[in-house]
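Structure assessment
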Amino acid sequence: MPLLTAILVVAAGLTGCGDINHGDQLARDFRAWMKGVEGVAAVDAGGQNVLPWAGTGSGTVTLDPDVDAARVHAVVDRANDFPSRHELSVRVVHEADGATGAFDVPRGPQETVDATVEASLAVVGLDHVVSFDLTAADRVDRPPSALVVTDGDVLDVVDAVSPVLRDGGLAVGTVAVEDEDAAITARTSEAGDLDGPRAALAAVAASYPVLEADLDPGALVVRVDAARTPDVAAAAEAAAPGTVVTVHFGTVTTGAPGDYGRALALADAAQATGLVVAIEAEPDAVQIEVADVAAALEVDAVLRGVPEVRGMRVGYTTTDGVSDLTTTRTGLAPYAAALTALDDELSGRLEEVRLHDRSLDVRTVPTDAPVEARADAHAVGRAGALLPDGVDVSVFVGPVGFAVTSRPAVRRADLDVYAAQDADDPLLDGFVEGWSSAA
């Protein structure tokens, strides 16, 4: 038998074996290895099979609440003694007094393993720590990073946590501390590197209500509940020369440097409606989050009367993530009837609605019920008939996808069905019937 043929035969034989997927086998072996170990509450493991005979695994070991330090060390050592440890990543989760710690277990040396355990135990034992997560870097020559969530003062906890993670035998790269709402976050990499941002934040907080703050070495991003004014940045920069300060006001977030005159005029007009959840602004665009399509239509009607809207890209997203509506020239008014019909007739049935100048994509929530799917198709057709002529419409209802260009009357032959096997699907008739009923 030629060599190549022999190799193919062997490979085919291996693929047919039920237990040959190496990653899956690693996971099973690790679960068995940790089963019954004192202090272990649960073991979750899975495999990644690169080839049937090659792969890796990962395992998470959850400990019983409030186990002592000696038991945590013993469980970690047991995991590291797993015969195929070099092919398996291991994570340990532990809890003490209601606070949760999690850490990726190093494969060695032993002093690093012990330092990792001690650091996690120490941080979880600190006051106002809700959770601690120590994550290994994606390269062995880089240090791990830590994230702490606190129910106390973020900067006080940074001061408490940083020495624990840096002054022992564990070299941690970035230490991030955030509050439970993730409104205030501080990241530090060495002692003193947050001095400037802290001073800048203190100066701002002395005069303005702070909604959010993000502190990095040499930089502060802060959001205040105040009318737009350069005084906020001036106060921060005076308190901490050399610190890069970015200020956001209310619900408006600005992006890349540039002339924001037109964008901020639109943002102010949008906020005045009282319907805005958040605004992302760029020099040539504003993206506005609103509660629903009705709010988007109302805000857009206001913005079309603002002179600065000319040539700006204005987009709306709904808080449920279903609708993303962006226009540059005409605004939403020409599409209002169709968008309202979709929202009204398919409430809870829409998975995605995307409107981008002369193009509308609609996707409904998948269903195995033929009657419900046909009703969805009928409703989408009724809404589509309310569009201006010449809009490119893409529809996915249930398993069927098709495209059509809006026009006064749509026939079955006008639908460009994406898959040949769907060409005779009855959902297409439902869509055409819906279109005809509204036309």
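Residues numbered from 1 in each chain as written. Predicted model: local features only at pLDDT ≥ 70, side-chain atom pairs only at ≥ 80, totals over all residues. Heavy atoms only, no water.

Attention now goes to unusual backbone geometry. In this structure, Pro109 follows Gly108 across a cis peptide bond, with omega equal to 0°. Looking at where Pro109 falls in the secondary structure, it is placed in the loop between β4 (99-104) and α4 (110-124). Of note in the backbone geometry, Asp66 takes a positive phi value of approximately 60° without being a glycine. With respect to the element layout, Asp66 can be found in the loop between β2 (54-63) and α3 (69-80). Although it is not a glycine, Asp97 adopts a positive phi angle of roughly 50°. Inspection of the secondary structure assignment puts Asp97 in the loop between β3 (88-96) and β4. (Helix = DSSP H or I, 4+ residues; strand = E, 2+ residues; numbered from the N terminus.)

Membership of the largest hydrophobic core comes to 61 residues, with the highest contact counts inside it found for Ile288, Leu303, Tyr316, Leu339, Leu342, Leu360 and Phe431. Leave out the neighbours within four places in its chain, and Ile288 touches Ala270, Val276, Ala278, Ile279, Val299, Leu303, Val314, Gly315, Tyr316 and Thr317. Judged by nonpolar contacts, the second largest core, of 59 residues, contains Ala27, Val92, Val123 and Val232. (Core = buried A, V, L, I, M, F, W, Y, C linked by side-chain atoms within 4.5 Å. Buried < 20%, exposed > 50% of the residue type's maximum accessible area, 1.4 Å probe, protein only. Contact = heavy atoms within 4.5 Å.)

With that out of the way, let us pick up the layout of surface pockets. Considering only enclosed or pocket space, the largest pocket measures out at about 550 Å³ in volume. Lining the largest pocket are 27 residues; nearest its centre among them are Val105, Pro106, Arg107, Ala136 and Ala137. Looking at the lining of the largest pocket, the elements that each hand over two or more residues are β2, β3, α4 and β5 (129-135). Residues of the lining of the largest pocket, tallied by class, amount to 12 nonpolar, eight polar and seven charged. (1 Å grid on protein atoms, 1.4 Å probe; cavity = no way out; pocket = protein on both sides within 12 Å on 5 of 7 lines; lining within 4 Å. Points joined across faces, edges and corners; volume = space filled by probe spheres on them. Nonpolar A, V, L, I, M, F, W, Y, C, P; charged D, E, K, R; others polar.)

Turning our eyes to something else, we now look at empty space enclosed by the protein. For the structure on display, the rule yields one cavity of 30 Å³ or more. Counted as a void, the largest cavity has a volume near 40 Å³. Forming the walls of the largest cavity are Val293, Ser323, Leu339, Leu342, Asp343, Leu350 and Val353. Broken down by element, the residue count for the lining of the largest cavity peaks at three residues, all from helix α10 (residues 336-345). Across the lining of the largest cavity, the residue classes break down as five nonpolar, one polar and one charged.

Assignment of secondary structure puts Ser120 in helix α4. A distance of 2.7 Å separates polar atoms of two side chains, one belonging to Ser120 and the other to His94. What Ser120 contacts, discounting residues up to four positions off in sequence, is His94, Gly101, Ala102, Phe103 and Phe132. (Polar contact = N/O pair within 3.5 Å; in protein donor to acceptor, adjacent residues only side chain to side chain.)

Two elements in contact, helix α2 (residues 22-34) and α3, have axes separated by 10 Å at closest approach and are oriented at 145°. Between α2 and α3 lies a crossing whose hand is right-handed. Of the residues in α3, those touching α2 at Phe30, Trp33 and Met34 are Val75, Arg78 and Ala79. Of the residues that constitute the contact of α2 with α3, the class distribution is five nonpolar, no polar and one charged. (Axes fitted to C-alpha atoms, helices over the stretch in contact; angles between N-to-C directions. Left-handed = near helix turned anticlockwise from the far one by under 90°.)

For Glu180, the position within the fold is in the loop between β7 (175-179) and β8 (184-188). C-alpha of Glu180 to C-alpha of Val130: the two residues are 50 residues apart in sequence and 8.2 Å apart in space.

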